[in-house]
Amino acid sequence: MSECKFHIDFIKHRKIYFTISAILMIFCIVSTFIFGAKLDIQFKGGTLITYLYEGDIDISTFQNDASAALDGIGIKATTGTDFNTGKNNIQLSMLSNSGLTADKQILLTDTLTEKYADNNLELIESTDVSPSAGKEFFSKCIVAAVFAAIVLIIYIAVRFKNIGGWLAGVCAVAALLHDIIVVYGTFIVCGMEIDANFMAVVLTIFGYSINSTIVIYYRIRENQKLYGKKLSLGELTNLSVNQSMTRSINTNVTTVSAMIVISIVAMVYGVNSIISFSFPMTMGLISGAYSSTCIAGPLWVWLEEKKAGKGKPKAAPEKSAEA
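Residues numbered from 1 in each chain as written. Predicted model: local features only at pLDDT ≥ 70, side-chain atom pairs only at ≥ 80, totals over all residues. Heavy atoms only, no water.

1. Description of helix α7 (residues 196-227)
No. 1: Between its first and last C-alpha atoms α7 spans 47 Å; for 32 residues at 1.5 Å apiece the expected length is 46 Å, and the two agree.
No. 2: Measuring from the side-chain oxygen of the N-cap residue of α7 to the backbone nitrogen of Asn197 gives 3.0 Å; that N-cap residue is Asp195.
No. 3: Phi turns positive one or two residues past the end of α7, at Gly228, with a value near 60 degrees. (Helix = DSSP H or I, 4+ residues; strand = E, 2+ residues; numbered from the N terminus. Expected span 1.5 Å × (residues − 1). Polar contact = N/O pair within 3.5 Å; in protein donor to acceptor, adjacent residues only side chain to side chain.)

Below, the structure is given as structure tokens:
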């Protein structure tokens, strides 16, 4: 039995935690209508054009010049390195259901090649992206997430059947849903595009959050064997969550610190593709630590108490003294 260094009454304050989570989830969902959801090209369709270049190019200026060459069409520019040649490359993405016509692609390339002659601009790839491919990828990820949630409920129901396992599984998945909504809200509020990084963050948070919750369930089961009926379900859960706090803090502080460092480095060097993973991942990890500690256990206790209350027969009304 590990020494309990924390003595926080999570069950007593559960209404506060539930209220905070409800407000946060509502805000994340409503933010879609306030800020609007930005979908990546793989979900809306369009054209990707990649150029190799030498020297230095200001990405913002290049993006504006490309947009001006196509009469102000919306263009997003990102830079990288070609692994085959070792040269710098710059990729332009243009959202369009029908893609960019060949004439406009030629006009764009001629304009940019002339304007950036000193950089020896060279077209290496032009690809039309179908929105159906992104939708198919997204739908498969959703199916995978739902299947994983069902498997988790079944696993917890079997593994923790002595403490009402199936209901504990439902609460664990509810905490996961809380974390997914927070990650989604982070993408929306920060103006990040919903792309493959979104699903990567969601599936990664699945593992981190559920692991922390299952550790608490293990502790509850062991404490139940140790204390029997000496402690109520709420007291068992409080004790178990507090005993798990040190491990939870150490694990999450280490991981979150790493993600923050990665985010800062990515911001300094302007690597947006890394930022759109590391920063939402940071928010998801914080949310996962909160939901595992303050939501999953207290919610489970509340539902178990509701279930136990429904099973009790109602007391007969007392007769008045005059009867």
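So, next bit.
2. Notes on the sheet that holds strand β3 (residues 76-81)
Note on sheets: strands pair through backbone hydrogen bonds, and any given pair is parallel or antiparallel.
No. 1: Taken together, four strands build an open sheet; the order of strands is β3-β4-β2-β5 and the sheet is antiparallel. Of all strands in the sheet, those bounded by a partner on one side alone are β3 and β5 (122-129). Within this sheet the neighbouring strands show an average axis-to-axis angle of 20 degrees, counted without direction.
No. 2: Relative to β5, strand β2 (residues 46-53) is paired through seven bridges, and the arrangement is antiparallel. Of the residues in β5, the one forming a bridge with Thr50 is Glu125.
No. 3: Against the sheet, helix α3 (residues 59-69) engages β2, β3 and β4 (88-95), with an angle of about 130 degrees to β3.
No. 4: Sheet contacts for helix α4 (residues 102-115): β2, β4 and β5; angle to β2, the most-contacted strand, approximately 25 degrees. (Pairing = 2+ DSSP bridges. Axes fitted to C-alpha atoms, helices over the stretch in contact; angles between N-to-C directions. Contact = heavy atoms within 4.5 Å.)

3. Quick look at the nonpolar core
No. 1: By size, the foremost hydrophobic cluster in this structure holds 45 residues, and its most contacted members are Ile156, Val183, Phe198, Ile210, Tyr217 and Trp300.
No. 2: Those elements that place two or more of their residues in this core are α5 (131-159), α6 (165-189), α7, α8 (233-269) and α9 (272-311).
No. 3: The element contributing the most residues to this core is α7, with 11 residues.
No. 4: Each residue touching Val183, except ones within four places of it in the same chain, is listed here: Phe198, Val201, Val202, Ile205, Pro280 and Gly284.
No. 5: Counting residues in each nonpolar core, the second largest holds 18 residues, with Ile49, Met94, Leu108 and Tyr116 among its members. (Core = buried A, V, L, I, M, F, W, Y, C linked by side-chain atoms within 4.5 Å. Buried < 20%, exposed > 50% of the residue type's maximum accessible area, 1.4 Å probe, protein only.)

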